[in-house]
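# Structure at a glance
Now for the letters of each chain:
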Amino acid sequence: MTEDMYSVEQVADRLGLHVRTVRSYIRSGRLRAVRIGKQYRIAASDLDALTGQSPAAPSVVRQAEVSSIVQIDGVDRAAADRLGTLVLTSANTGHDQANPLRVQTVYDEQRHRMKIIVLGDPASTAELLHLLNAVLNAENGLLDREVHDA
């Protein structure tokens, strides 16, 4: 990022001063400047410091992010796959596309345990967790289905 630089004449114009006054400020050290050849250049931040103005602060957008880990015990591989598909599909649809939910699923075959990691804004994360809660607490739900060979 390059900072705006002004000539002595531009600074004099902006401040309503005579050019000699601005040069006097530079020589006395009251106004910082860089000499390029025979001319001075004044950085915008140095001009702001002289006038007592603070440089315009970049606007900060406050944004909260939630990190959630859901552990589900007693899940077989097929149920974990179905649940993972549901969660990933839900995370990828109907949410703010500028700030998508990030979801990762991990299944531990030996412990019959699934973990779902969710990162995202509080509202979308809560919505996904409500869906997950409804699926896990439903009788004859997604986790209770049996897979039959046709």
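This text goes with the structure placed above it.
Scope of this entry: the structure provided in the associated data block. Bear in mind the structure is a predicted one, so any value in this text is a computation, not a measurement.

## Side note on the overall build of the protein
- Along the backbone of the protein there are 5 helices and 6 strands.
- Listing each helix as α and each strand as β along the protein from the N terminus yields β-α-α-β-β-α-β-α-β-β-α.
- Burial status across the protein gives 29% buried among its 150 residues.
- The long-range fraction of contacts in the protein, counting pairs at least 24 apart against all pairs at least 6 apart in sequence, stands at 59%.
- Of the accessible surface of the protein, which amounts to about 10700 Å², a share of 48% is contributed by carbon and sulfur atoms.

## Here's the deal with helix α3 (residues 44–51)
- Within α3 the residues assigned to the buried category are A44, D46, L47 and D48.
- Contacts from the buried residues of α3 go to β1 (5–7), α1 (8–15) and β3 (39–43).
- Directly beyond the C-terminal end of α3, a positive phi value near 80° is found at G52.

## A closer look at the sheet that holds strand β2 (residues 34–36)
- Spatially, the 3 strands line up as an open sheet ordered β1-β3-β2, and their pairing is antiparallel. Only two strands of the sheet have a single partner each, and these edge strands are β1 and β2. Ignoring which end each strand starts from, the neighbouring axes of this sheet average 40° apart.
- Inspection of the sheet shows β1 paired to β3 by 3 bridges, in the antiparallel sense. Following the sheet pairing, S7 is matched in β3 by R41.
- Of the strands in this sheet, β1 and β3 touch α3, which is tilted by about 75° from β3.

## Regarding the sheet that holds strand β4 (residues 66–73)
- The strand order across the open sheet built from 3 strands is β4-β6-β5, with neighbouring strands paired in antiparallel fashion. Two strands bound the open sheet, and with one partner strand each, they are β4 and β5 (102–108). Direction aside, the axes of adjacent strands within the sheet are offset by 15° on average.
- Sheet topology places β4 next to strand β6 (residues 113–120); 8 bridges connect them, and they run antiparallel. Bridged to I69 within β6 is I117.
- Sitting on the sheet, helix α4 (residues 77–92) is in contact with β4, β5 and β6, with an inclination near 175° to β5.
- Sheet strands touched by helix α5 (residues 122–137): β4, β5 and β6. Its angle to β4, the strand with the most contacts, is close to 10°.

## Observations concerning the nonpolar core
- Residues L83, V103 and I116 are the most contacted members of the largest nonpolar core, which totals 17 residues.
- Of all the secondary-structure elements, those providing two or more residues to this core are β4, α4, β5, β6 and α5.
- Here this core takes 5 residues from α4, the largest share from any one element.
- Within the second largest apolar cluster, 12 residues are counted, among which are V8, V11, I42 and A44.

Calculation criteria
- Residues numbered from 1 in each chain as written.
- Predicted model: local features only at pLDDT ≥ 70, side-chain atom pairs only at ≥ 80, totals over all residues.
- Heavy atoms only, no water.
- Helix = DSSP H or I, 4+ residues; strand = E, 2+ residues; numbered from the N terminus.
- Buried < 20%, exposed > 50% of the residue type's maximum accessible area, 1.4 Å probe, protein only.
- Contact = heavy atoms within 4.5 Å.
- Areas by Shrake-Rupley, 256 points an atom, 1.4 Å probe, with all protein chains shown as cover.
- Pairing = 2+ DSSP bridges.
- Axes fitted to C-alpha atoms, helices over the stretch in contact; angles between N-to-C directions.
- Core = buried A, V, L, I, M, F, W, Y, C linked by side-chain atoms within 4.5 Å.

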